[in-house]
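# Structural description and commentary
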Amino acid sequence: MKIAVFGTGYVGLVTGACLANLSHDVLCVDIDDAKIKQLQEGKISFFEPGLKELVTKNVERGRLSFTADAKKAVQFADAIFNCVGTPSGEDGSADLRYVFTVAQTVARYADGYKLLINKSTVPPGTAQRCQLLIQETNPLSEVEVVSNPEFLAEGKAVYDFTHPDKIVLGAKTAKAYSLLRRIYTGRTRTYIPVLETDWETAEMIKYANNSFLATKISFVNELANICDKVGADVKMVTQAMGLDYRINPRFLNPGIGYGGSCFPKDVRALIHTAQEKGYDAHLLREVDALNERQKRHLTHKIKATFGQTLQGQRFTIWGLAFKPQTSDIRESPALALVQELLAHGADVTVYDPVAHADAREVFAERVRYASSLSDSVMDSSAIILATEWDEFRNVNFADLGKMMKRKIVFDGRNIYEPEMVREDGFEYVGVGRK
Ligand SMILES: NC(=O)c1ccc[n+]([C@@H]2O[C@H](COP(=O)([O-])OP(=O)(O)OC[C@H]3O[C@@H](n4cnc5c(N)ncnc54)[C@H](O)[C@@H]3O)[C@@H](O)[C@H]2O)c1
């Protein structure tokens, strides 16, 4: 099939490359000319494992190309994926302006029947609003809107797109379902449940998924905070919980809060959507509030160790991305941590395997960017682990300690065993660890 993808960010580029790999002819379009130029030169502006290889392969095969010409993309395609951003508005609502712009663009240029597939995460009611907008923009338009939320996780986006645990299709007509099935046929040899439902349910499923995972994280963070008070080890507590098949061990790791471009904004958007309909989502409001408090969890412990002013101390932050295997720093707890340390007068050295370029746009020269793990601890008073990259898992603390002023680790992701760190001569502070 001929497919256009609007938006070449994390979701759009992965969608485009993976669909091209399934032998569709894909044209990706973005309003960011620089991004399109980079893609045409074979460069990708963010790190996502396996994506560059997939893009290169399908460009070479002639199945994947890039343009800044929206009209050309609409006219080229039978089906158009809407993968533009839906950031948080000031009031927490999903800012839908980019989604609506794409709907209007498609209405303006489409001739004949085409599918507009909303893959961006949007509140229930958005597909209907897009359909109305299309009819208003072009009363003769035959464009049909469908909802097909995406569940991929950054860091394993290519794998997730090709091996999803489900495909959710929200549509109104048999023709739309049939075309959608055709797009996804051959996605993988293994069976994937395809859930066919209405627009609003499909849109709601995505928010339900993300809000549940965010709730699970905030729940274990709350447990960790209580463990800190009562002298229990949260790692053992959550290991035991995870053995209960009704609970499942994933997303049971306490830490310094969730981040990224999805969980925070999606929880807030669902709270806002509920509010608009007269429902106060107390639980979700607390999930969000606890997460914001959790980002400052280590700052309190650092101040308890070093005193209220951190002037004259240098701290090493390991990890800036909101999670490993991505360069995405949007809403990363590491950023909040660095900001707090700087605000308290500390000097900060940061080290992340892939996120320095993005971090420079936030901190410029206010922090030192280390070139290696050992460079990162030079003259440092403490190591603060913010992102659990593999590179940080089996470090030789005994050697690193020789270059430091004080030997202490604040483990924001509970990846170390306290006894082992102590054997290497370090003090250990975790989240809810005994
Ligand atoms: N990132 C994730 O892990 C993830 C996972 C599932 C769902 N989602 C959802 O997918 C959507 C996209 O997320 P993302 O992280 O890929 O965003 P992103 O910010 O990385 O990319 C969005 C892209 O859309 C482009 N764009 C904006 N307006 C456009 C227009 N009119 N025409 C063409 N391009 C336009 C932007 O220039 C940008 O390149 C969001 O709704 C998000 O919530 C994201």
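A quick note: this is a predicted structure, and the numbers were derived from the prediction, not measured.

### Regarding the side chain of Asn210
Mapped onto the elements of the fold, Asn210 is located in helix α9 (residues 199-230). Asn210 sits in the buried class, given a relative accessible area of 5%.

### Digging into the site of the ligand
Residues in close proximity to the ligand total 27 residues, the closest being Asp30, Lys35, Thr86, Glu154 and Lys265. Here an oxygen atom of the ligand and a backbone polar atom of Val11 are 2.8 Å apart. Note that a nitrogen atom of the ligand is positioned 2.7 Å from one of the side-chain N or O atoms of Glu154. Here the ligand has 840 Å² of accessible area as a free molecule, and 89% of this is covered by the chains. Residue assignment for the shell around the ligand shows that the elements contributing at least two residues are α1 (10-21) and α5 (97-109). Of the residues assigned to the shell around the ligand, the class counts are eleven nonpolar, eight polar and eight charged. Counting the residues that make up the shell around the ligand, at least three belong to each of domain 1 (2-197) and domain 2 (207-293).

### Examining the sheet that holds strand β9 (residues 314-318)
With parallel pairing, six strands are arranged side by side in an open sheet as β11-β10-β9-β12-β13-β14. The open sheet has two edge strands with one neighbour each: β11 (368-369) and β14 (427-429).

### Regarding the packing of aromatic side chains
Remark: the centre distance and the inter-plane angle together describe each pair of aromatic rings, the angle taken between the planes. If you walk through the whole model with that rule in mind, you get nine aromatic pairs. Considering the side-chain rings of Phe251 and Phe263, the 6.3 Å spacing of their centres and the 45° angle between planes classify their relative orientation as tilted. Here the residue Phe251 occupies a position in the loop between α10 (234-242) and α11 (263-276), and Phe263 occupies one in helix α11, the gap between them amounting to twelve residues. For Phe263, a relative accessible area of 14% gives the class buried. Plain terms: the ring middles of Phe306 and Phe315 are 5.1 Å apart, the flat faces sit at 90° to each other, and that makes the pair edge-to-face.

### Some thoughts on the layout of surface pockets
Empty space among the atoms becomes visible once a probe the size of a water molecule is rolled across them. Roughly 260 Å³ of internal volume is contained in the second largest pocket. Leu96, Pro123, Arg129, Thr273 and Glu276 are the residues nearest the centre of the second largest pocket, which is lined by 14 residues in total. Mapped onto the lining of the second largest pocket, the elements with two or more residues apiece are α6 (126-137) and α11. Per-element tally for the lining of the second largest pocket: the top contributor is α11, with four residues. When its residues are assigned to classes, the lining of the second largest pocket shows six nonpolar, five polar and three charged. A domain-level breakdown of the lining of the second largest pocket finds at least three residues from each of domain 1 (2-197) and domain 2 (207-293).

Procedures and definitions
Residues numbered from 1 in each chain as written. Predicted model: local features only at pLDDT ≥ 70, side-chain atom pairs only at ≥ 80, totals over all residues. Heavy atoms only, no water. Helix = DSSP H or I, 4+ residues; strand = E, 2+ residues; numbered from the N terminus. Buried < 20%, exposed > 50% of the residue type's maximum accessible area, 1.4 Å probe, protein only. Near = heavy atom within 4 Å. Polar contact = N/O pair within 3.5 Å; in protein donor to acceptor, adjacent residues only side chain to side chain. Areas by Shrake-Rupley, 256 points an atom, 1.4 Å probe, with all protein chains shown as cover. Nonpolar A, V, L, I, M, F, W, Y, C, P; charged D, E, K, R; others polar. Domains from an automatic or database assignment. Pairing = 2+ DSSP bridges. Phe/Tyr/Trp six-rings, centres within 6.5 Å; stacked < 30°, edge-to-face > 60°. 1 Å grid on protein atoms, 1.4 Å probe; cavity = no way out; pocket = protein on both sides within 12 Å on 5 of 7 lines; lining within 4 Å. Points joined across faces, edges and corners; volume = space filled by probe spheres on them.

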